[in-house]
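Architecture at a glance
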Amino acid sequence: MIVIGAGPAGATAARVAAANGCKTLLLERAVIPRYKTCGGGLIGASLAALPPGLPLRVYDTARQFTFSLNGRKERTLTSATPTCAMVYRSELDAALTEAAATAGAAIRDGTALIALEQQGGIVTVKTSRGDTLRARAVVGADGSASRVARYVGVQCAQVDLALEVEVPVDERTADRWRGRLLMEWGPLPGSFGWVFPKGDICTAGVVAARGNPAALRAYKQDFLQRHGLLGPRPLHDTGHLTRCRRPDSPLAHGRVLVAGDAAALLDHWSREGISYALRSGDLAGRAAARIAAAGNEEETQTASDRYHQQIGAILSPEMRASSSLMTLFVRNPGLVHAALTRLPPAWRRLDDYIADRTSVAGIMATPLARSAIALGTRLPLGRRGHR
C-alpha cells in the first residue's frame, strides 16, 4: 500500500499498516524534517494516541490558560493536571515518520503526488519524480489542500483561514509566557487568537472564517502588537486553510481512503486537528491493510465500510458537538467567555477535555452546556463585547 503525506495522519497510517504486515511506502512532497504551519499544542487525546516511547522534545507544558474577549475581560485559570504539551510540528512529524520506518515502512520524501487512478483492483500513483507506482490500497493524508481529497470527493461544512508566526522572544518575554498560553476570542465571527510558548520562541496566530483575509490580517497585526510580538523578525510567517467535513462527506473511493486534514477531520471550534489526525491515521492504516489483503471487491467494500463506521462512531460525535459549540460561539462569544471564566464547572470541564478525561461531546451533553445553548439562541445575535 501507499500513503500520501507524512504528517501525523499519514505517518501513523504507514506505521500501523507496516506493523500489521502490510508492505508500505510513505510518500512526502517535502524533505523531512520540514516546517508546517501549526500551533503545536498536544492535548491529552493527542498524547494518548502517540506510539509509546516516541522521542519528542516538549518545549513547555501549559499550566495556566489566559482567556480574553477581544483584548478585554482577561482572566487566567490554572489547570488541575497540566497536560497541553508544546512541540514543533517539524519535530513531531519527523519522529512519527521515523517510527513508521522502524515498523517497516519505506520512506520516500521530496516526492509529490501528480496523478491518481484505479482500475481492476489496482491504484496507480504518478509522482513528481516521474515514477509510476502501483498498490492495492492508498491512504491520502496530504493535508487540507489534498489532491487525494479531491479525488475521493471530500466536502466541507466549514473552511477557515489561519495566519501564524513563530517569533523569537527575549528572556523577559519568555519568562512572562512560560507555562501559560493565551486564547483570545477575536472581533471576527468565530475568530480567535493564540499564543503558545516554546522557550525562546512563541508561536502566535489568528483564525477566522475564510472570506475576509484583509480583516484577518488587520486582526493579526493588532493582536501581535498588543501582546508584544510584533517587533521581532519572525522565523516563519505563514497561513493555511483548515477544513471541517460535512457529516455525509465520503471517506473513501474504492481502494483509496482519506484521513486527517485530507478527510477534513477537525474540531470546528478550536480547529484542533492533531488528535483527529493521529486517531484517523491509525484507523485508516488498519483499514488499508485489510483492503490490500482483500481477495475480492466485496472484502474491499467491507473494509471501507468498517472505516466509515469507525470514524462515525469515534470522531463524528466529537465534530457534531464542536459544531454546536461553534454555532453558539459565533452567535455569542461573550456568553462562552463568561461561562468559561466565571463558572468554575465550565472551566473544569474544558480542563478535563484538555487532559483527555472527557470529550467535546461529553461537555456539550452537560446541563450547563444545554442551558448555554438555550440562552444563546434567545440572546440577540452579535453581542460581541468589542473594545
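Our structure is the block above this text.
Presented here is an overview of the structure given in this document. This is a predicted model, so every value here is computed, not measured. Residue positions within a chain follow its written sequence, with the count starting from 1. In view of the model being predicted, local features appear only for residues whose pLDDT reaches at least 70, and side-chain atom pairs are presented and counted only at 80 or more, with totals across whole chains, interfaces and linings using the full set of residues. Just so you know, side-chain values use all the structure's heavy atoms and leave hydrogens and water out.

**Considering the pattern of salt bridges**
- Salt-bridge detection follows one rule: a side-chain nitrogen of Lys or Arg within 4 Å of a carboxyl oxygen of Asp or Glu. Summed over all chains, the structure comprises 13 salt bridges.
- In this structure, E28 engages R34 in a salt bridge whose closest nitrogen and oxygen atoms are separated by 3.6 Å. One exposure class covers both E28 and R34, and it is buried.
- Its salt-bridge partner being D282, residue R286 comes within 2.7 Å of it at the nearest N-O pair. One end of the pair is R286 and the other is D282, both in helix α7 (residues 274-293) and four residues apart, which spans about a single turn.
- Note on exposure labels: buried denotes an accessible area under 20% of the residue type's maximum, exposed denotes more than 50%, and partly exposed covers the range between, all computed with a 1.4 Å probe on protein chains only. With a relative accessible area of 36%, R286 lands in the partly exposed category.
- If you follow the salt bridges from partner to partner, you end up with E28, R34, R89 and D93 in one network. Put simply, DSSP marks the helices as runs of H or I at least four residues long and the strands as runs of E at least two long, and each gets a number from the N terminus on.

**Concerning the nonpolar core**
- Counting residues in hydrophobic clusters, the biggest one holds 56 residues, and the most contacted among them are I2, V125 and Y307.
- At nine residues, the largest contribution of residues to this core is made by α7.
- Contacts are residue-level and defined by heavy atoms, with any inter-residue pair within 4.5 Å sufficient. Those residues in contact with V125 that lie beyond four places of it in its chain are I2, I4, L27, L113, A115, L116, D131, T132, L133 and V138.
- Residues belong to one nonpolar core when they are buried, are Ala, Val, Leu, Ile, Met, Phe, Trp, Tyr or Cys, and are joined through side-chain atoms within 4.5 Å. Among the nonpolar cores identified, the runner-up in size contains 35 residues, and W194, V207, L335 and A372 belong to it.

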